[in-house]
Amino acid sequence: QVQLVESGGGLVQPGGSLRLSCAASGNIRSIYTMGWYRQIPGKQRELVASITSGGMTNYVDSVKGRFTISRDNANNTVYLQMNNLKPEDTAVYSCNLRLALGGGAVWTYWGQGTQVTVSS
């Protein structure tokens with residue numbers, strides 16, 4: 001019904017930048033909250049950033065001033081611009097979308113995850 005495709009992860013040096021994308025396709029009526037989570041092995045998954053349908057954003061304290069979440073409603077896509085990356089940002093990043101299907105049912109979908117590695 002709905003597919004989420006992530007892109008943009010990779011290896012970057014400390015201080016560098018990456019831009020993650022998550023594009024949704026399928027039988028979508030509307031998308032409510034879009035977010036990015038990350039998980040480090042052995043640790044709990046944490047919400048990095050989220051954005052509502054009205055454009056309100058929220059960030060975990062550790063990324064404030066460095067990461068920016070945005071959305072393109074016309075293309076059902078959410079982005080995460082990550083600047084001044086630090087080694088502690090190394091994790092698998094996954095997008096999370098809460099959306100309404102064509103028939104009206106509301107579901108939450110996850111992307112497949114993309115590895116971000118910050119290392120010199």
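Criteria and cut-off values
- Residues numbered from 1 in each chain as written.
- Predicted model: local features only at pLDDT ≥ 70, side-chain atom pairs only at ≥ 80, totals over all residues.
- Heavy atoms only, no water.
- Buried < 20%, exposed > 50% of the residue type's maximum accessible area, 1.4 Å probe, protein only.
- Helix = DSSP H or I, 4+ residues; strand = E, 2+ residues; numbered from the N terminus.
- Pairing = 2+ DSSP bridges.
- Salt bridge = Lys/Arg side-chain N within 4 Å of Asp/Glu carboxyl O.

Peer 1: I would appreciate a short explanation of the pairing of strand 9 (residues 91-101) in the present structure.
Peer 2: Looking along a regular strand, one sees the side chains alternate between the two faces of the sheet. Burial of strand 9 is extensive: nine of the eleven residues sit out of reach of the surface. As paired elements, strand 4 (residues 28-39) and strand 9 share nine bridges and run antiparallel to each other. Each residue of the ladder has a partner; that of Gln39, found in strand 9, is Val92. Looking at chain direction, strand 9 and strand 11 (residues 114-118) are connected through three bridges and run antiparallel. In the strand pairing of strand 11, Ala91 is matched with Val116. Two strands pair when backbone bridges link them, and strand 9 and strand 10 (residues 106-110) are joined in this way by five bridges, in the antiparallel orientation. Within the sheet, the bridge partner assigned to Asn96 lies in strand 10 and is Trp110.

Peer 1: Looking at this structure, how should I read the pattern of salt bridges?
Peer 2: Pairing between side chains becomes possible if they bear opposite charge and their charged atoms approach one another. Under the defined criterion, the tally for this structure stands at four salt bridges. Between Asp89 and Arg38 there is a salt bridge, and its shortest N-O distance comes to 3.0 Å. Here Asp89 is found in the loop between strand 8 (77-82) and strand 9, whereas its partner Arg38 is found in strand 4, with 51 residues between them in sequence. Taken individually, Asp89 and Arg38 each receive the classification buried, so the pair is uniform in this respect.

Peer 1: What should I look at first to understand unusual backbone geometry in this one?
Peer 2: In terms of backbone geometry, most residues other than glycine have negative phi values and most peptide bonds are trans. The backbone phi angle of Asn76 is positive, close to 50 degrees, even though this residue is not glycine. For Asn76, the location among the structural elements is in the loop between strand 7 (67-72) and strand 8. Residue classification places Asn76 among the partly exposed residues on the basis of a relative accessible area of 22%. The phi angle at Asn84 is positive, at roughly 50 degrees, despite the residue not being glycine. On the secondary structure map, Asn84 appears in the loop between strand 8 and strand 9. Assessed through its relative accessible area of 42%, Asn84 is described here as partly exposed.

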